[in-house]
Amino acid sequence: MSFQRPMATERSATGISTCKLGVYWVIGSEIVIFGGLLAAYVMFRLAHGSWAHESAHTNVVAGGTNTLVLLTSSLFAVLAHQAAERKDTESAFKFLWCTIGGALTFLLIKSFEWGGEIHHGLTIHKSLFWAFYYTAAGIHAAHVICGAIIMAIIAADVKKHKDLQRVEAIGLYWHFVDIVWIFLFPLLYIAK
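Residues numbered from 1 in each chain as written. Predicted model: local features only at pLDDT ≥ 70, side-chain atom pairs only at ≥ 80, totals over all residues. Heavy atoms only, no water.

Participant: I keep staring at helix 4 (residues 89-119) and nothing clicks. Help me out?
Facilitator: Residues spaced three or four apart along an α-helix point in a common direction, a consequence of the helix completing one turn every 3.6 residues. In this model helix 4 runs 45 Å from its N-terminal to its C-terminal C-alpha over 31 residues, within 8% of the 45 Å that 1.5 Å per residue would give. Positive backbone phi, approximately 85°, marks Gly 121, located one or two places after helix 4. (Helix = DSSP H or I, 4+ residues; strand = E, 2+ residues; numbered from the N terminus. Expected span 1.5 Å × (residues − 1).)

Participant: What is the right way to read the packing of aromatic side chains from this model?
Facilitator: Two measures describe an aromatic ring pair: the distance that separates the ring centres and the angle between the ring planes. Using the criterion set out here, one finds 19 aromatic pairs in the structure. With a centroid separation of 5.2 Å and an interplanar angle of 85°, the aromatic rings of Phe 106 and Trp 181 are classed as edge-to-face. Of this pair, Phe 106 sits in helix 4 while Trp 181 sits in helix 6 (residues 165-190); the two residues are 75 residues apart in sequence, bridging distant segments of the chain. Residue classification places Trp 181 among the buried residues on the basis of a relative accessible area of 0%. With 6.0 Å between their ring centres and 40° between their planes, Trp 130 and Tyr 134 make a pair best called tilted. With Trp 130 and Tyr 134 both in helix 5 (residues 128-159) and four residues apart, this pair spans about one turn of that helix. Taking relative accessible area as the criterion, Trp 130 reaches 0% and is therefore assigned buried. Seen from the ring of Phe 93, Lys 159 lies directly overhead, with NZ or CZ sitting 4.7 Å from the centre. (Phe/Tyr/Trp six-rings, centres within 6.5 Å; stacked < 30°, edge-to-face > 60°. Buried < 20%, exposed > 50% of the residue type's maximum accessible area, 1.4 Å probe, protein only. Lys NZ or Arg CZ within 6 Å of the ring centre and 35° of its normal.)

Participant: Please clarify how unusual backbone geometry should be interpreted in this entry.
Facilitator: Outside of glycine, negative phi angles account for most residues, and trans bonds account for most peptide bonds. A positive phi angle, close to 65°, is found at Lys 87, a residue other than glycine. Here Lys 87 is to be found in the loop between helix 3 (60-85) and helix 4. Owing to a relative accessible area of 60%, Lys 87 belongs among the exposed residues under this scheme.

Okay, structure coming up:
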């Protein structure tokens with residue numbers, strides 16, 4: 001019994017590959033999730049002046065470093081896509097793993113940051129601000145983990161010269177993950 005490749009990776013009825021169209025649908029649904037969460041955060045933030053005092057305890061250096069890490073990883077995702085378009089699978093594979101390295105670095109920094117905050121009693125149960133903080137950052141971290149896993153699967157196929165069009169698809173998802181962080185960072189860390 002042989003495995004047939006799904007047509008969704010190659011065909012197009014709209015002028016956009018179904019692979020890319022699928023990623024756009026995923027991103028659209030994720031915008032609803034993060035949009036609702038961020039809108040609720042802003043409304044509560046405006047209603048609770050004490051949140052400025054709470055957010056003063058966030059680690060701006062860790063958040064800023066993670067912003068730089070994610071932006072750099074997005075550059076690697078672009079370079080991976082460009083290499084895949086040139087059919088340079090060796091470079092595409094390397095840049096995908098550089099992007100994954102950025103994801104792992106982000107998660108490592110986040111784990112040290114959260115460890116320090118929890119050690120100082122700043123837990124999800126401390127206040128509504130910290131509940132929002134851990135929820136929003138936690139959902140984002142879950143997306144970083146999922147993106148890195150999917151990227152590793154795609155990198156394995158790229159190494160075999162298979163399905164190079166998926167490099168662009170995972171890159172689009174990765175840029176979305178970065179954009180979400182660009183909204184989270186100032187709201188959670190900088191707005192005091």
